Amino acid sequence: MLDRIRIVLIGTSHPGNIGGAARAMHNMGLSDLALVAPRCTAVTADSVSRASGADHLVNGARAVETLEQAVADCTLVVGASARSRTLPWPMITPRELGARLPKELADDATRIALVFGREDSGLTNAELQRCHAHVHIPTNPDFSSLNLAAAVQVLAYECRLAWLAEQEAPSEEPGQPLAAHEELEHYFAHLERTLVAIGFHDPAMPRQLMARLRRFTLRARPERMELNILRGILSDTEKLAAERDSDMGRHRKE
Ligand code: SAH
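Residues numbered from 1 in each chain as written. Predicted model: local features only at pLDDT ≥ 70, side-chain atom pairs only at ≥ 80, totals over all residues. Heavy atoms only, no water.

Caption draft 1: A look at the overall build of the protein chain. Helix and strand counts for the protein chain come out as ten helices and seven strands. Principal-axis analysis of the C-alpha atoms gives the protein chain an extent of 75 × 40 × 35 Å. A total of 254 residues make up the protein chain; the buried ones form 44% of that total. Sequence-distant contacts in the protein chain: of pairs separated by 6 or more residues, those separated by 24 or more amount to 85%. Here the protein chain has roughly 13,200 Å² of accessible surface; of this, 54% comes from carbon and sulfur atoms. The average position of the 29 basic charges and that of the 33 acidic charges among the side chains of the protein chain differ by 5 Å. (Helix = DSSP H or I, 4+ residues; strand = E, 2+ residues; numbered from the N terminus. Buried < 20%, exposed > 50% of the residue type's maximum accessible area, 1.4 Å probe, protein only. Contact = heavy atoms within 4.5 Å. Areas by Shrake-Rupley, 256 points an atom, 1.4 Å probe, with all protein chains shown as cover. Lys, Arg positive; Asp, Glu negative; His and termini not counted. Charge placed at Lys NZ, Arg CZ, Asp CG, Glu CD.)

Here it is, written out as structure tokens:
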């Protein structure tokens, strides 16, 4: 279970924090580290020294350009956030995150991602809206932001506690396969295209429509099969809209 939990660090600027995060992960038995557009060199004397024996995780980390690439195959994406944002999103505590893991990871093929933001500015709204849920480590409200590697440590510890408890408990039956991040993103793109085609959505006046539809869909945790049905409906809707548009064009000419 633990090796299917990916730690994703976005735009990290201090190599020491990458090393510190790797150490925290290795201590807790996690091994999958991805770096999205790091703003520093990952392997430096500082990161190796902070990794303190876990430098194989730093050396083996996958570096990619975008969050999408880092989490494309994940069925659950959770963003770690020190602050609450403008559009409220489902929030869970680190303990609740741990409690969800055995079920989320019951199927051996599934992977999940825990996403961490930049030291100076955290995660952007666009990044947070790509997450199913946000996890906040309860802290002193007047001083709520943990060091990046410390935040990784807290969540990795909760993952380990959940895994230890799971060793004693009978495991859950896997359900139907859930849609992965990449499939959800294709669906959202298709949905937006269709809403524009039928004149329901004007990208020049977005009014948070897509963000709200994202939140609603991600909350439902659709199965792959359910998403395929929705995409079928969208394709037929697009076809009808195109027919309507060409009919209207014909009438205008007549
Ligand atoms: N100054 C930034 C926070 C940066 S800390 C801000 O105000 O948003 C770097 C990262 O560590 C954050 O993006 C988040 O992923 C994680 N983190 C820090 N404190 C956290 C907390 N209390 N709960 C959850 N994640 C936290």
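So much for the structure itself; the text now carries on.
Caption draft 2: Spotlight on the site of the ligand. With respect to spatial proximity, 21 residues lie near the ligand, and among them Ala80, Arg83, Ile137, Ser144 and Leu146 are the closest. Starting from 550 Å² of accessible surface for the ligand in isolation, the protein chains cover 93%. Its residues assigned to classes, the shell around the ligand comprises eight nonpolar, eight polar and five charged. (Near = heavy atom within 4 Å. Nonpolar A, V, L, I, M, F, W, Y, C, P; charged D, E, K, R; others polar.)

Caption draft 3: Seen up close, the pattern of salt bridges. Applying the stated criterion to the full structure yields 16 salt bridges. Measuring nitrogen to oxygen at the nearest pair gives 3.3 Å for the salt bridge that ties Arg193 to Glu238. On the criterion of sequence distance, the pair formed by Arg193 in helix H8 (residues 181-197) and Glu238 in helix H10 (residues 224-253) is long-range, its members being 45 residues apart. Overall, the relative accessible area of 45% leaves Arg193 in the partly exposed class. The network of salt bridges with common partners includes Arg6, Asp32, Asp73 and Arg111. (Salt bridge = Lys/Arg side-chain N within 4 Å of Asp/Glu carboxyl O.)

Caption draft 4: Layout of the sheet that holds strand S5 (residues 91-92). Ordered by their spatial adjacency, seven strands build an open sheet running S3-S2-S1-S6-S4-S7-S5, and the pairing between neighbours is parallel. Looking at which strands have only one partner, the edges of the open sheet turn out to be strand S3 (62-64) and S5. Where helix H1 (residues 15-28) meets the sheet, its contacts fall on strand S1 (5-10) and strand S2 (32-36), and the angle it forms with S2 comes to roughly 160 degrees. Along the sheet, helix H7 (residues 148-168) makes contact with S1, strand S4 (76-80), strand S6 (112-116) and strand S7 (133-135), crossing S6 at roughly 155 degrees. (Pairing = 2+ DSSP bridges. Axes fitted to C-alpha atoms, helices over the stretch in contact; angles between N-to-C directions.)

Caption draft 5: Summary view of the domain arrangement of the protein chain. Here the domain parsing of the protein chain yields domain 1 (2-166) and domain 2 (181-253). Using only C-alpha atoms to locate each centre, domain 1 and domain 2 end up separated by 32 Å. With 17 residues of domain 1 at the contact, the number on the domain 2 side is eleven residues. Three residues, Leu87, Arg130 and His132, lead the burial of domain 1 against domain 2; their summed loss comes to 40% of the area buried on that side. Between the two partners, domain 1 and domain 2, sit two salt bridges. As a salt-bridge pair, Arg130 and Glu185 come within 4.0 Å of each other at their nearest N and O atoms. Sorting the residues of the side of domain 1 that touches domain 2 by element identifies helix H4 (67-71), S4 and helix H5 (94-104) as the ones contributing at least two each. Here the residues of the side of domain 1 that touches domain 2 sort into ten nonpolar, three polar and four charged. (Domains from an automatic or database assignment. Buried area = accessible area lost by both parts, 1.4 Å probe.)

Caption draft 6: Seen up close, the side chain of His201. In this structure, His201 sits in the loop between H8 and helix H9 (209-220). Residue His201 is classed as buried on the basis of its relative accessible area, which comes to 6%. In this structure the side chain of His201 is engaged in a polar contact, spanning 3.1 Å, whose partner is the side chain of Glu192. Non-local contacts of His201, meaning those with residues more than four positions away in its chain, are made with Glu192, Leu195, Val196, Pro206, Leu209 and Met210. (Polar contact = N/O pair within 3.5 Å; in protein donor to acceptor, adjacent residues only side chain to side chain.)

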